[in-house]
Amino acid sequence: MGNTLKATPAEVVLETRDLVRHFQGKRRHFLGRKTTIRAVDGVSFTLHQGETLGLVGESGCGKSTVGKVILNILQPTSGRVFYRGRDISALKAAAEPSLHREMQMIFQDPLGALDPRMRVGDQICEPHAIFRIGTEKDRKQAACEMLDLMGLKAHIYTRYPHELSGGQQQRVVIARALILRPKVVVCDEPISALDVSIKAQVINLLSKLQDMLGVAYLFISHDLSAVRHICSRIAVMYLGQVVEMAERTDLFSTPLHPYSKALISAVPVPDPSVRRNRIILTGEPPSPIDPPSGCRFHTRCPIAQPVCSEVVPSLRTFGNGHTVLCHFPGEA
Ligand code: SF4
């Protein structure tokens, strides 16, 4: 008898629809109107259970702001965020403590994320204490189990954050984020402050924990080498917009947007015999206060045509969910 069972698609745990977050800037002159900083301008994606979606782009492109809006640290200017089908974009964070159990964040600077006056073990116990889960003894045991899972020795429990190395601090931050068994974790540049040798260890640890717990990661990074190792899909952001999104293998083998091509061409290749034509982008990224007309990338795009500065490109979809925001995808 043939096998008629089909694999069930993983549940969509998180979805953003046309997410916008603007900030008010300063007045340009005394009687002028305040400027608007368009940090995030219409970002849409889905994140499935147990998946890692990479969000990449240069500093200031709005990727960290997307993470903060998802976690209700910032309110969206418009657009929607859905958690397991429920619209959470209008909720006040304090009014919805259950969301804190299900959605967590890992920050870039582990030392800044930890309380310097609190012992490490107590900080890992804290989420259970806040939600009144278990007795004190249960909480201590759960914290010790998390330390073990992180590959940290039991004596770390009584140490203070400043007594640990950067890699150990980040493992403690991960332990604290995962002890409540969240469904979604926003990892905001979680390895950029770490030494090269420690980065690989932390990435492997995050992958192992994902396999064990089924957690979904939104992995925000400017490091495409790291993203390539941990993410199954990747969204490339430029000046507040997602300009390309694809499965990891599709993006690296067939990038369609000139910006993605430039980023990928800069990723170091471990084989010295492989020659790669590096695409150097000229000019600084434009200001999100006054983004260029038409395609926002036209001021730096090596293949820009007159239409690019006049007409906003529409999102085009290719096979396997590969989307790109460009008038001339895949050219040059
Ligand atoms: Fe370049 Fe034009 Fe495509 Fe923008 S729309 S990325 S300027 S080719």
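Check the entry above for the structure.
Residues numbered from 1 in each chain as written. Predicted model: local features only at pLDDT ≥ 70, side-chain atom pairs only at ≥ 80, totals over all residues. Heavy atoms only, no water.

Draft legend 1. Layout of the packing of aromatic side chains. Counted according to the given criterion, the structure contains 3 aromatic pairs. The ring of Phe 131 carries Arg 101 above its face, with NZ or CZ at 5.5 Å from the centroid. The positively charged end of Lys 140 is found above the aromatic ring belonging to Tyr 157, 5.3 Å away from the centroid. (Phe/Tyr/Trp six-rings, centres within 6.5 Å; stacked < 30°, edge-to-face > 60°. Lys NZ or Arg CZ within 6 Å of the ring centre and 35° of its normal.)

Draft legend 2. Focus on helix α6 (residues 166–178). Compared with an ideal rise of 1.5 Å per residue, which puts 13 residues at 18 Å, α6 spans 18 Å between its outermost C-alpha atoms and is within 8% of the ideal. The element α6 is extensively covered by neighbouring structure, given that 11 of its 13 residues are classed as buried. Among all positions of α6, only Gly 167, Gln 169, Gln 170, Arg 171, Val 172, Val 173, Ile 174, Ala 175, Arg 176, Ala 177 and Leu 178 are buried. (Helix = DSSP H or I, 4+ residues; strand = E, 2+ residues; numbered from the N terminus. Expected span 1.5 Å × (residues − 1). Buried < 20%, exposed > 50% of the residue type's maximum accessible area, 1.4 Å probe, protein only.)

Draft legend 3. Structural detail: the side chain of Thr 65. Mapped onto the elements of the fold, Thr 65 is located in helix α1 (residues 63–70). Residue Thr 65 is classed as buried on the basis of its relative accessible area of 14%. Excluding anything up to four places from it in sequence, Thr 65 contacts Arg 21, Phe 23, Ala 39, Val 40 and Leu 74. (Contact = heavy atoms within 4.5 Å.)

Draft legend 4. Main features of the nonpolar core. Counting 61 residues, the largest nonpolar core has Ile 124 and Ile 174 as its most contacted members. With 6 residues, the top contributor of residues to this core is α6. For Ile 174, the residues in contact, after removing those within four places along its chain, are Ile 106, Met 150, Val 202, Leu 205, Leu 206 and Leu 209. Ala 39, Leu 53, Val 66 and Val 186 belong to the second largest nonpolar core, which has 31 residues in total. (Core = buried A, V, L, I, M, F, W, Y, C linked by side-chain atoms within 4.5 Å.)

Draft legend 5. Quick peek at the packing of helix α4 (residues 120–130) against α6. Contact geometry for α4 and α6: axes closest at 7 Å, N-to-C directions at 25 degrees. The orientation of α4 with respect to α6, classified from their angle, is roughly parallel. The interaxial crossing formed by α4 with α6 has right-handed handedness. Taken together, the residues of α6 that come into contact with α4 (itself represented by Val 120, Gln 123, Ile 124 and Pro 127) are Val 172, Ala 175 and Arg 176. Across the contact of α4 with α6, the residue classes tally to 5 nonpolar, 1 polar and 1 charged. (Axes fitted to C-alpha atoms, helices over the stretch in contact; angles between N-to-C directions. Parallel < 35°, antiparallel > 145°, perpendicular 65-115°, else oblique. Left-handed = near helix turned anticlockwise from the far one by under 90°. Nonpolar A, V, L, I, M, F, W, Y, C, P; charged D, E, K, R; others polar.)

Draft legend 6. A look at the site of the ligand. Near the ligand, the surroundings consist of His 257, Pro 258, Cys 295, Phe 297, His 298, Cys 301, Ile 303, Ala 304, Cys 308, Cys 326, His 327 and Phe 328. Here the shell around the ligand is composed, by residue class, of 9 nonpolar, 3 polar and no charged. (Near = heavy atom within 4 Å.)

Draft legend 7. How the structure looks around α1. Taken across its 8 residues, α1 has 6 buried, putting it largely inside the fold. Regarding α1, the residues found buried are Lys 63, Thr 65, Val 66, Gly 67, Val 69 and Ile 70. Following α1 by one or two positions, Asn 72 adopts a phi angle in the positive range, close to 65 degrees.

Draft legend 8. Expanded view of the sheet that holds strand β1 (residues 12–27). What the 4 strands build is an open sheet, ordered β2-β1-β4-β5; its pairing is antiparallel. The sheet terminates laterally at β2 (34–48) and β5 (86–87), the two strands that pair on one side only. Here 5 bridges tie β1 to strand β4 (residues 78–83), and the two strands are oriented antiparallel to one another. By the bridge assignment for β4, Glu 15 is matched with Phe 82. (Pairing = 2+ DSSP bridges.)

Draft legend 9. A look at the pattern of salt bridges. Across all of its chains, the model carries 10 salt bridges by this definition. The salt bridge partner of Glu 15 is Arg 17, with a shortest N-O separation of 3.0 Å. According to the relative accessible area criterion, Arg 17 is partly exposed, its value standing at 42%. Linked by salt bridges that have partners in common, Glu 11, Arg 84 and Glu 102 make up one network. (Salt bridge = Lys/Arg side-chain N within 4 Å of Asp/Glu carboxyl O.)

Draft legend 10. Representation of the pairing of β4 in the model. Summarising the sheet, β4 and β5 pair through 2 bridges and their orientation is antiparallel. Opposite Phe 82, over in β5, you have Asp 87 as the bridge partner.

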